[in-house]
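# Descriptive analysis of the structure
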Amino acid sequence: MKNRYLQILVFVLAFGFVACDDELNDLQPFTQGNPETFFNSVSSFQNGVDGIYSQLWNYYSSPGSGMQGIPDILSDNVVLVQTGRTSNELYYDYRYVPNSGGAIPLYWSEAYEAVNAANLIIGQIDNLADGPEKDNILGQALAARAWAHFDLVRTFAQIPTQSANAGSSDGIVYIKVEDGDTGDPFAQPSRETVDSNYAEIIGDLQRASQLIGASNGEGRLNRNGVFGMLSRVYLYNGDYQDAIDAANQVTTSLATAAELLDMYEDTTNSGIVIELSVNTSSESNFNNVGVLYSQSNSSSTISEYAIEYEFFTSIDPNDLRRNVIQFVGTNQGNDYNAIRKFLGEAGQVNGRLDIKVMRAAEVLLNKAEAQFELGLEPQALATLDQLRAQRFTGFSSPGETGQALEDAIQFNRRVELCFEGHRFFDLKRRGEAVQRSAFGDIIDGSGTPAEVQTLSAGDFRFQLPIPIAEINANPNMAQNSGY
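Positions within a chain are numbered from 1, following the residues in the order the chain's sequence is written. Given that this is a predicted model, residues contribute local features only at a pLDDT of at least 70 and side-chain atom pairs are listed and counted only at 80 or more, while totals for whole chains, interfaces and linings are drawn from all residues. Only hydrogens and water are set aside when side-chain values are computed; all heavy atoms of the structure are taken into account.

## Points about the environment of Ala368
Condition: Secondary structure follows DSSP: runs of H or I at least 4 residues long count as helices, runs of E at least 2 residues long count as strands, and numbering of each begins at the N terminus.
Note that Ala368 resides in helix α13 (residues 360-373). Sequence-wise, Ala368 and Leu384 are 16 residues apart; in three dimensions their C-alpha atoms are separated by 5.9 Å.

Set out below in structure tokens:
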């Protein structure tokens, strides 16, 4: 591929990936090497795999384009705060175009850099002797390659369940060293279909699930992470029984309500299935994910986005997640429903935290939705109640059926996963509109409401535009409709 995003042959990985004190401290990053000679031991291969995680971190955590938060800014979960910096307003108002900065080029470039790094590992894996260590390295690389491609296709293309013809529409380019895709740096490939992309993603994840180890330490993929990701991908693809079966393979326990805040403050890993980690005590050269939502100091909170008033007031007072989600932030004499998630570690307000990519709660919700889609309502209710029993004081199941049960699953998904990068994709994959309220940014619903309150189902802007640099470099790369 012709431009710098998809360049394969030049092997330069400049990274300094670090993690919490007990996570990846032994990592010795390299800056340059020939894969044919560098990858000659388990430790060197793991070093290379950790570089893949570094690339994933780059686009999940950036305050200007984080995959952890932009999908919420694109949705109905937040409202732009007028006393903030109006950061990412371009995305909030759906004014992005192919030459926009921030999320669009970063998602594309960093995700393909992760793919490149994974293919380097996969292409040289036979430098290792057969055995569990080789299998585990290969499993991590395959799963990470699938993960990065999945983020690309759900961002820049339709989702299979989004519309009747989504599967046959343009997807992205899936790069596999095994297929000879990395041999020609000047190749100009065309986009593949969404259906073929999902088949490749699922194939990589299925193969990884048979190879990867059960425990690889914090900040790395393992068996639970692969099956958790499969539950998500199968749900997006409409493979509901497969989503249930994958979810049943995940053994990570659900975080209790008492553990939730500690989990978001990085004092426990309860309920975490996939995490991207950073050493917040010793490393300063990294992105603060929480800064996307607020700039805070010891005396004030300069909220960039607040919790949308109608959404927050719709959460039951007995829902223990309310205090995990919200705190009162004050700036310039106004109070706001400020976002507590990702505020910082215990006692900190600097936004420096590990990225919670997947939690056991999502896996349960994937399973509940899939069960409902298959008409297994009693099972779906029981699965949902596993979560609700840990989230409400004095919980007693309402016993919903039909539309009420579907609504309960989706509302609990919205509350449980809010501000973690899910909402826009959940509306998109379900073929639903973004419908914001007319309430404003102040804590009581007054203030300035969203300029754009509706993104209709099927609007072309549910697919972000292919970056202009990619279009200019590759004449075979078709732009998304509408741009």
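## Some points on the side chain of Lys356
For clarity, the threshold we go by: Counted as a polar contact is a pair of N or O atoms within 3.5 Å, where, for protein atoms, one must be capable of donating a hydrogen and the other of accepting one, and residues adjacent in sequence contribute only when both atoms are in side chains. Any two residues whose heavy atoms approach within 4.5 Å at even a single point are treated as in contact.
With respect to the helices, strands and loops of the structure, Lys356 is situated in strand β8 (residues 355-359). In this structure the side chain of Lys356 is engaged in a polar contact, spanning 2.4 Å, whose partner is the side chain of Asp266. Not counting residues up to four positions away in its chain, the partners in contact with Lys356 are Gln68, Met263, Tyr264, Asp266, Ile272, Ile274, Glu275 and Glu420.

## Some words on the nonpolar core
Counted only if it meets this: Joining through side-chain atoms within 4.5 Å is the link that ties buried Ala, Val, Leu, Ile, Met, Phe, Trp, Tyr and Cys residues into a set, and such a set is a nonpolar core. Classification of residues uses two cut-offs on accessible area relative to the type maximum, computed with a 1.4 Å probe and protein chains only: under 20% is buried, over 50% is exposed, and between them is partly exposed.
In terms of nonpolar packing, the biggest core is built from 122 residues, with Ile52, Tyr59 and Trp147 touching the most fellow members. With 14 residues, helix α5 (residues 103-123) is the single largest residue contributor to this core. Formed by 13 residues, the second largest nonpolar core is a distinct cluster that contains Ala368, Phe372, Ala380 and Ala408.

## Regarding the packing of aromatic side chains
Keep this limit in mind: Here a pair means two rings of Phe, Tyr or Trp (six-membered ring of Trp) with centres within 6.5 Å. Their orientation is stacked below 30 degrees between planes, edge-to-face above 60, and tilted elsewhere.
Under the counting rule described, the total for this entry stands at 19 aromatic pairs. Where Trp108 meets Tyr112, the ring centres are 5.1 Å apart and the plane angle is 65°; that geometry is what we call edge-to-face. A residue pair is termed a helical-turn pair when its members lie 3 or 4 positions apart in one helix, as Trp108 and Tyr112 do in helix α5 at four residues. When sorted by exposure, Trp108 lands in the same class as Tyr112, which is buried. Centroid distance Tyr309 to Phe439: 4.8 Å. Interplanar angle 55°. Geometry classified as tilted. Of this pair, Tyr309 sits in helix α11 (residues 309-313) while Phe439 sits in the loop between β9 (434-435) and β10 (454-455), placing them 130 residues apart in sequence. For Tyr309, a relative accessible area of 21% gives the class partly exposed.

## Observations regarding the packing of α13 against helix α15 (residues 402-417)
Geometry of a packed helix pair, given as the angle between the helix axes and the separation of the axes. The following threshold applies: Only the contacting stretch of a helix is used when fitting its axis, a line to C-alpha atoms as for every element, and angles between N-to-C directions run 0 to 180 degrees. Should an angle lie under 35 degrees it is considered roughly parallel, over 145 roughly antiparallel, and from 65 to 115 roughly perpendicular; all remaining angles are considered oblique. In a left-handed crossing the near helix is turned counterclockwise from the far helix by less than a right angle, and in a right-handed crossing that turn is clockwise. Classes in brief: Ala, Val, Leu, Ile, Met, Phe, Trp, Tyr, Cys and Pro nonpolar; Asp, Glu, Lys and Arg charged; the others, Gly included, polar.
At a minimum axis separation of 10 Å, α13 and α15 run at an interaxial angle of 160°. Regarding the angle of α13 to α15, the classification is roughly antiparallel. Here α13 and α15 pass one another in a crossing that is left-handed. Where α13 abuts α15, its residues Ala361, Glu362, Leu365, Asn366, Ala368, Glu369, Phe372 and Glu373 lie against Gly402, Leu405, Glu406, Ile409, Gln410, Asn412, Arg413, Glu416 and Leu417. Along the lines of polarity and charge, the residues of the contact of α13 with α15 split into seven nonpolar, four polar and six charged.

## Quick look at unusual backbone geometry
Although it is not a glycine, Asp266 adopts a positive phi angle of roughly 65°. Along the chain, the position of Asp266 falls in the loop between α10 (257-264) and β2 (272-276). Accessibility expressed as a relative area gives 18% for Asp266, which makes it buried. The residue Phe419 is not glycine, and still its phi comes out positive at about 70°. Here Phe419 lies in the loop between α15 and α16 (423-429).

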